[in-house]
Amino acid sequence: MVTTPRPSSEELQQLQRTVEMFEAITESQPDDYQCLEILKEAYNKLGRQDDVRRISLKLANAYSHVGQVSQAILEYEGILQGNPDDTEARAALTELESKTTRFRPQSEEPSLAKDSKPTPNLPTKTVGVEAPPPTPKRRSQVDGDNALVEVLLADKSITRQAVTPLLDQIKAGREASIKNGQPLTLTQLLIDSQLLKAEDLFRTLTGKSNQPYLPLSYYDVDRDTALLVPREVCFRNCIIPFDLISRSVLVATANPFDEGAREEISAMLDYHLFWYLAPPSEIITALRTVHGLDAKSSAPGAR
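A brief structural summary. From a predicted model like this one, the values you see are computed outputs, not experimental measurements.

1. Comments concerning the overall build of the protein
Check the secondary structure of the protein and you find 13 helices and three strands. Counting every position in the protein, which comprises 303 residues, the buried fraction comes to 45%. Within the protein, residue pairs in contact and separated by at least 24 positions form 64% of the contacts whose partners lie at least 6 positions apart. Accessible surface, the protein: about 16200 Å² in total, of which carbon and sulfur atoms supply 50%.

2. Side note on the pairing of strand β1 (residues 239-245)
Most of β1 sits inside the fold, with six of its seven residues counted as buried. As defined by bridge partners, β1 adjoins strand β2 (residues 248-253) across six bridges and the pair is classed as antiparallel. Each residue of the ladder has a partner; that of Asp243, found in β2, is Leu250. Hairpin remark: β1 followed by β2, antiparallel, with two residues in the connecting loop; positive phi at Ser246, about 60 degrees.

3. Regarding helix α4 (residues 69-82)
Taking 1.5 Å per residue as the helical rise, α4 with its 14 residues ought to reach 20 Å, and the 21 Å between its terminal C-alpha atoms agrees with that figure. All buried positions along α4 are accounted for by Ser70, Gln71, Ala72, Ile73, Leu74, Glu75, Tyr76, Ile79 and Leu80.

4. Comments concerning helix α12 (residues 259-268)
Along α12, seven of the ten residues are buried, which leaves the element largely enclosed by surrounding structure. Residues of α12 that are buried: Ala261, Arg262, Glu264, Ile265, Ser266, Ala267 and Met268. Tucked into the core, α12 has its buried residues touching α11 (231-237), β1 and β3 (272-277).

5. Overview of the environment of Ser193
By the element assignment, Ser193 lies in the loop between α8 (186-192) and α9 (198-209). The exposure class assigned to Ser193 is partly exposed, which follows from its relative accessible area of 36%. In this structure, the C-alpha to C-alpha distance between Ser193 and Ala162, residues 31 residues apart in sequence, is 9.8 Å.

6. Structural notes on the environment of Leu196
Relative to the assigned elements, Leu196 resides in the loop between α8 and α9. Judged by its relative accessible area of 13%, Leu196 is buried. Apart from residues lying up to four places away in sequence, Leu196 is in contact with Leu152, Ser157, Ile158, Leu190, Ile191 and Leu201.

7. Notes on the pairing of β2
Along β2, six of the six residues are buried, which leaves the element largely enclosed by surrounding structure. Neither face of β2 is open: one carries Ser248, Leu250 and Ala252, the other Val249, Val251 and Thr253, and all of them are buried. In terms of strand pairing, β2 meets β3 through six bridges, oriented parallel. The residue bridging Val249 from the neighbouring strand is Leu273, located in β3. As for the winding sense of the linkage, the β-α-β connection from β2 through α12 to β3 is right-handed.

8. Focus: the packing of aromatic side chains
One pass over the structure, following the stated rule, counts five aromatic pairs. Taking 5.0 Å as the distance between ring centres and 40 degrees as the angle between the ring planes, the aromatic pair formed by Tyr33 and Tyr63 counts as tilted. Taken together, the residues Tyr33 in helix α2 (residues 33-46) and Tyr63 in helix α3 (residues 49-65) connect sequence positions 30 residues apart. Arranged with centres 4.9 Å apart and planes meeting at 80 degrees, the rings of Tyr219 and Phe242 form a pair that is edge-to-face. Of the two residues, Tyr219 sits in the loop between α9 and α10 (223-226) while Phe242 sits in strand β1, which places them 23 residues apart along the sequence. Aromatic rings pair up to connect Phe22, Tyr219, Phe242 and Tyr276 into one cluster.

Cut-offs applied
- Residues numbered from 1 in each chain as written.
- Predicted model: local features only at pLDDT ≥ 70, side-chain atom pairs only at ≥ 80, totals over all residues.
- Heavy atoms only, no water.
- Helix = DSSP H or I, 4+ residues; strand = E, 2+ residues; numbered from the N terminus.
- Buried < 20%, exposed > 50% of the residue type's maximum accessible area, 1.4 Å probe, protein only.
- Contact = heavy atoms within 4.5 Å.
- Areas by Shrake-Rupley, 256 points an atom, 1.4 Å probe, with all protein chains shown as cover.
- Pairing = 2+ DSSP bridges.
- Expected span 1.5 Å × (residues − 1).
- Right-handed = clockwise from strand over helix to strand, strands pointing away.
- Phe/Tyr/Trp six-rings, centres within 6.5 Å; stacked < 30°, edge-to-face > 60°.

Here you go:
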């Protein structure tokens, strides 16, 4: 019989913080199945099986709402595998299968392979065990900034005339700001220049990207996880991997529309990646603490 190692006291504290954080997120975003997956795994590590079942039911419901019926059915079947007498899960599964049969053409039977795995919306990358991860080509941040600008222009949140000086400021000072450990980011400049209020900007970005907002300052960033990505890459992209749960790495970014940054990070990490939007100032503060750039910072990584 294989037993799961008991988490250390530090790991138990971090798991509890993870639970508190993601309970809050899923309360406001009940269909965020990625957060629910992480919450379920955290409860499982804590040995809280009643909460595992509760979140599994929410997860199945979330999958159903976003149209991933096969994954919802698999989630209900997983509950019943552990407890065949679970009447709530049995009734929900029967109802879902009934609806699926009623509305699906006969030629479109769902694939319910037991070894199938829900595929997150966000990119993942699996690197061969024998070969080292590929070294991504150095990319320009301009593409990510332009993508963000186009989203805000389409939403009529800003005008091109107003944002152009900010792009010029970033272009002129980017390299020096990265070396100083205080990278210029478009999201922060939009707030500092008062073109947009922080709450309005983040509300727009989360709505347009479907990427959960995470107040990183309330999260205990795991130093070992943050160091999975080179310092220069993190500062250049204003991103930070902030926690590792099983085979999933949680990553905070200031720009949810920077596909180049996602590709660059996913090429480096042999994990499933879950992305979150966080204020750039909080990402930079966390990076500076992790890399010991602030003399007044306490020893980084104490968990």
